[in-house]
Amino acid sequence: MKDASPQPVYLADYTPPPFLVDAVHLTFRLHPEKTRVLSRIEFRPTPGVPASRLFLHGENLHLIDAKIDGTAITPEITDEGLTTDAPDAPFTFEAEVEIDPAANTALEGLYLSNGMFCTQCEAEGFRKITYYPDRPDVMGVFTVRIEGDQPVMLSNGNPVARGDGWAEWHDPWPKPAYLFALVAGDLVAQSDRFTTRSGREVDLNIWVRPGDEDKCAFGMAALRKSMTWDEEVYGREYDLDIFNIVAVDDFNMGAMENKGLNIFNSSCVLSTSETATDDNFERIEAIIAHEYFHNWTGNRITCRDWFQLCLKEGLTVFRDAEFTADMRSAPVKRISDVIALRARQFREDAGPLAHPVRPESFIEINNFYTATVYEKGAELIGMLKRLVGDEGYARAVDLYFTRHDGQACTIEDWLAAFEDATGRDLAQFKRWYSEAGTPRLRVTESFNNSTYTLHFEQETPPTPGQPEKHPRVIPIAVGLLGPNGDEVVPTRVLEMTGTRQSFSFDGLAARPVPSILRDFSAPVIVERETTNAERAFLLAHDTDPFNKWEAGRALARETLLAMIRDGAAPDPAYLDAVHTMLRDDTLDPAFRALALGLPGEDELAQTLFGLGETPDPQAIWEAREALDITRADAMQGTLDALYAAHQVTAPYRPDPDQAGARALANAVLGLITRRDGGARALAQYDAADNMTLQLAALGCLLRAGKGADVSDAFYRQWRHDRLVLDKWFGLQILSADPAEAAETAARLTEHPDFTLRNPNRFRAVLGALAAVPAGFHHASGRGYRLMADMLIALDPLNPQTAARMCAAFETWRRYDPARQEMIRTQIDRILAAPGASRDTIEMLGRIRD
Ligand code: ARG
Ligand code: ZN
């Protein structure tokens with residue numbers, strides 16, 4: 001067990017490393033329990049930094065011996081690393097350590113997954129492999145020799161040589177240790193070739209376990225598209241002779257951008273039409289792009305320290321979103337991203353885990369791979385781009401690449417490139433990086449003598465450690481519609497910088513209807529008094545697809561809030577508006593599917609809490625149910641017609657057109673099942689030749705209480721496929737009556753296919769429970785108890801995955817005293833468990849405060 005009161009690290013305490021690394025030679029003698037790692041590291045003192053002793057990070061390492069310039073040394077060893085005297089001149093450090101990959105259940109450092117050796121080093125996992133300055137501002141050139149009896153042995157960079165029982169790799173690009181990777185096992189590759197625009201021939205491989213070869217084609221195509229897109233849009237080429245991707249079943253996160261050797265959670269790369277849904281395909285394409293794009297935004301230019309994580313993650317998420325928008329539908333991508341941002345990031349920003357996009361302190365950095373750093377970080381890039389324009393953005397990014405190639409950088413470096421390339425002062429913009437919380441933007445308006453004025457007021461609520469907030473620069477994209485629905489003022493970006501600010505539009509014949517925050521131009525909450533009639537007008541007429549969707553969303557939300565608060569009947573204005581929207585065949589089916597979706601239970605709870613009310617999870621669930629039943633009745637004929645019209649008859653392709661048709665048909669099927677008791681869902685299930693249709697039909701049947709036999713059949717059909725089985729585990733909880741969700745989840749944790757060793761499986765069950773508020777927050781407290789039981793079981797094995805799941809409790813302050821008391825009891829029980837990790841202690845400590 002680790003230190004019981006771990007100390008935070010502060011951004012303000014940053015100091016440069018006393019020693020730099022020129023070159024590293026590593027030799028791995030692989031063995032499941034006794035792997036030997038031999039290192040030879042060429043160090044030199046950092047110019048201008050006072051001489052000091054040499055400290056190397058190292059955890060859970062058994063040191064066999066160490067030398068400096070060939071002479072044996074006896075360093076001081078603690079839980080955190082090794083300290084020794086070192087010359088004030090270049091020197092060579094050598095060490096041999098022994099590590100135990102088989103015992104590594106935390107999946108950080110070198111571990112075994114189904115007998116395959118693999119690594120995960122970001123953020124601070126390399127120190128579990130050997131003694132090293134494990135910080136991103138130390139960049140070295142790595143040469144790696146792997147000795148073992150695995151048929152395939154991979155590391156970063158280019159292959160140098162191989163023979164019987166060994167392989168050597170050399171990565172010419174200096175890199176921090178977190179980008180190191182090694183994979184060895186019985187693997188087979190699907191291979192391809194890509195010629196970069198300057199003529200470099202690159203071998204592309206996706207490595208999988210034998211049997212999974214047929215699941216790589218889509219991922220390979222996505223990789224090629226990503227490589228082309230980065231050349232065309234950002235002018236960035238690949239820089240090695242080989243690009244390897246490996247699929248690993250046991251992985252804490254989605255994927256990892258190790259130089260030349262990306263390692264993927266198998267769920268984020270493997271796909272066939274039978275086993276993956278349309279959403280899975282889109283996500284796989286985005287994650288392959290994301291990791292590939294890191295080669296420039298992350299690897300060639302990396303982070304100086306982990307406080308700068310958003311420098312690579314926010315930017316790379318922004319880039320992968322641009323890529324998806326180009327490959328598919330830009331409005332559909334934007335709407336989906338905002339739905340996710342509000343569900344995850346606004347929730348985080350409104351609760352005890354709120355932190356700035358660039359945090360100022362942490363105890364465990366793994367706890368900061370958050371929606372705020374990633375998704376809000378990407379929103380900041382989007383705002384910057386809007387503020388400086390497309391050309392300014394392109395110039396600034398080019399300058400950043402040329403100026404900082406090969407360096408470990410900060411947000412200051414990034415913003416300076418923008419200031420220098422565009423001449424714009426970004427001092428105020430920088431507050432977006434340092435102040436947490438979602439700004440509220442209150443809007444009022446006035447109209448006289450043909451002048452229409454919008455008055456804005458911004459306010460950001462206090463967040464933990466930040467009672468005072470300052471006005472931010474907010475790009476507000478606005479358009480105006482005339483009474484007949486025509487656009488009278490096209491989109492214009494208003495730049496708000498003050499606490500209160502007004503913007504006028506002259507020469508208007510009549511009072512317009514404003515379309516505010518088009519394309520969701522800033523991550524803020526707009527508060528404006530309006531009517532459902534005006535929302536319906538915007539849903540019908542807005543030219544901005546995001547705000548068109550937003551108007552429908554607001555209508556649905558207001559309808560549901562009234563139903564939740566006083567059991568009101570659904571507003572006919574909403575029903576009419578959504579009905580009209582659905583029948584508009586000029587609208588993309590994917591858009592219509594999104595516009596048919598209702599605000600989630602958690603989003604509604606968050607909204608109510610934001611209005612000073614105490615949400616009742618059961619009442620929220622019932623209101624959504626009631627609204628669905630009403631919608632199913634009110635639109636019966638339309639739904640039947642839409643379902644029939646959106647059957648895809650062509651062979652399955654995971655492209656946006658087919659996926660959009662299936663998304664609409666499946667959304668409609670959910671409503672149809674409310675009336676027909678599952679007849680059509682059963683027919684769809686029986687006829688399905690792809691997972692998108694099969695899984696949606698199973699979900700409908702389970703929700704209708706008619707899914708038991710089909711669910712058993714599904715299990716028998718797919719029990720050999722881990723990724724499909726994860727869906728099966730999750731769906732039963734997501735589709736259960738909330739009164740039964742916790743029991744269902746508990747029963748599934750007893751299933752022979754449940755295991756704590758596989759993070760995907762754990763998340764399939766416990767993540768699903770956390771995603772059904774009326775089940776998780778059931779008044780019995782069963783949901784809380786099960787979550788705590790499972791976190792106590794997982795935490796000693798896998799702190800990272802356990803700590804992330806703790807966020808299930810982050811909303812506890814929203815609820816009534818009885819629920820709060822039950823949650824506090826469970827939090828305290830987890831904290832008191834022997835073996836509670838520092839990851840989990842930090843998370844629950846912040847949540848409880
Ligand atoms: N850099 C990876 C990405 O592409 C995420 C790795 C996070 N891993 C971790 N253990 N925190 O986003
Ligand atoms: Zn990333």
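Throughout what follows, the structure given in this document is the object of discussion. No experiment lies behind these values; they were computed from the predicted model shown.

Some remarks on the packing of helix α9 (residues 545–566) against helix α11 (residues 589–596)
Logical step 1: One way to put it is that α9 packs onto α11 with a least axis distance of 9 Å and a crossing angle of 30 degrees. Between α9 and α11, the angle is such that the two are roughly parallel. Here α9 and α11 pass one another in a crossing that is right-handed. Contacts from Pro545, Trp549 and Gly552 in α9 reach Phe591, Leu594 and Ala595 in α11.
Logical step 2: When the residues that make up the contact of α9 with α11 are grouped by side-chain class, the tally is 5 nonpolar, 1 polar and no charged.

Thoughts on the sheet that holds strand β2 (residues 19–29)
To summarise the sheet geometry, strands pair through backbone hydrogen bonds and adopt either a parallel or an antiparallel arrangement.
Logical step 1: Judged by pairing direction, the sheet is mixed, and its 8 strands sit side by side in the order β6-β5-β9-β3-β2-β12-β15-β14 without closing on themselves. The strands lining the two open edges of the sheet, one partner per strand, are β6 (71–72) and β14 (158–163).

As for the site of ligand 1
Logical step 1: Taken together, 13 residues surround ligand 1, and among them Glu122, Met253, Met256, Asn366 and Tyr369 come closest.
Logical step 2: When contributions to the shell around ligand 1 are tallied by element, the ones reaching two or more residues are β20 (255–256) and α2 (278–293).
Logical step 3: Residue classes in the shell around ligand 1 are distributed as 5 nonpolar, 4 polar and 4 charged.

What about the sheet that holds strand β10 (residues 109–113)?
Logical step 1: A sheet is described by the order of its strands in space; here 4 strands give the open sequence β10-β11-β16-β13, paired in antiparallel fashion. The open sheet has two edge strands, β10 and β13 (152–155), and neither has a second partner. For this sheet, the mean inter-axis angle between neighbouring strands, taken without regard to orientation, is 20 degrees.
Logical step 2: Of the strand pairs in this sheet, strand β11 (residues 116–120) and strand β16 (residues 182–185) are connected by 2 bridges, and their pairing is antiparallel. Note that in β16 the partner of phenylalanine 117 across the bridge is alanine 184.

What about unusual backbone geometry?
Logical step 1: The peptide bond linking glutamate 122 to alanine 123 adopts the cis configuration, its omega dihedral lying at 0 degrees.
Logical step 2: With respect to the helices and strands, the residue alanine 123 is situated in the loop between β11 and β12 (140–147).

A look at helix α17 (residues 691–703)
Logical step 1: With 13 residues, α17 should cover 18 Å at 1.5 Å per step; its first-to-last C-alpha distance of 18 Å lies within 8% of that length.
Logical step 2: Most of α17 is tucked away: 13 of the 13 residues are buried.
Logical step 3: Just past α17, the residue glycine 705 takes up positive phi, approximately 75 degrees.

Focus: the pairing of strand β19 (residues 242–248)
Logical step 1: Most of β19 is tucked away: 6 of the 7 residues are buried.
Logical step 2: When strand β18 (residues 201–208) meets β19, the two strands line up parallel, connected through 5 bridges. Paired with tryptophan 207 across the bridge in β19 is valine 246.
Logical step 3: Each parallel crossover has a hand, and the one from β18 via helix α1 (residues 217–234) to β19 is left-handed.
Logical step 4: Of the pairings in the sheet, the one linking β19 to strand β21 (residues 261–265) comprises 5 bridges and is parallel in character. When the bridges of β21 are listed, valine 248 appears paired with asparagine 265.

Conventions adopted
- Residues numbered from 1 in each chain as written.
- Chains lettered and ligands numbered in written order.
- Predicted model: local features only at pLDDT ≥ 70, side-chain atom pairs only at ≥ 80, totals over all residues.
- Axes fitted to C-alpha atoms, helices over the stretch in contact; angles between N-to-C directions.
- Helix = DSSP H or I, 4+ residues; strand = E, 2+ residues; numbered from the N terminus.
- Parallel < 35°, antiparallel > 145°, perpendicular 65-115°, else oblique.
- Left-handed = near helix turned anticlockwise from the far one by under 90°.
- Contact = placed C-beta atoms within 7 Å.
- Nonpolar A, V, L, I, M, F, W, Y, C, P; charged D, E, K, R; others polar.
- Pairing = 2+ DSSP bridges.
- Near = placed C-beta within 6 Å.
- Expected span 1.5 Å × (residues − 1).
- Buried ≥ 20, exposed ≤ 12 C-beta atoms within 10 Å, placed from the backbone.
- Right-handed = clockwise from strand over helix to strand, strands pointing away.

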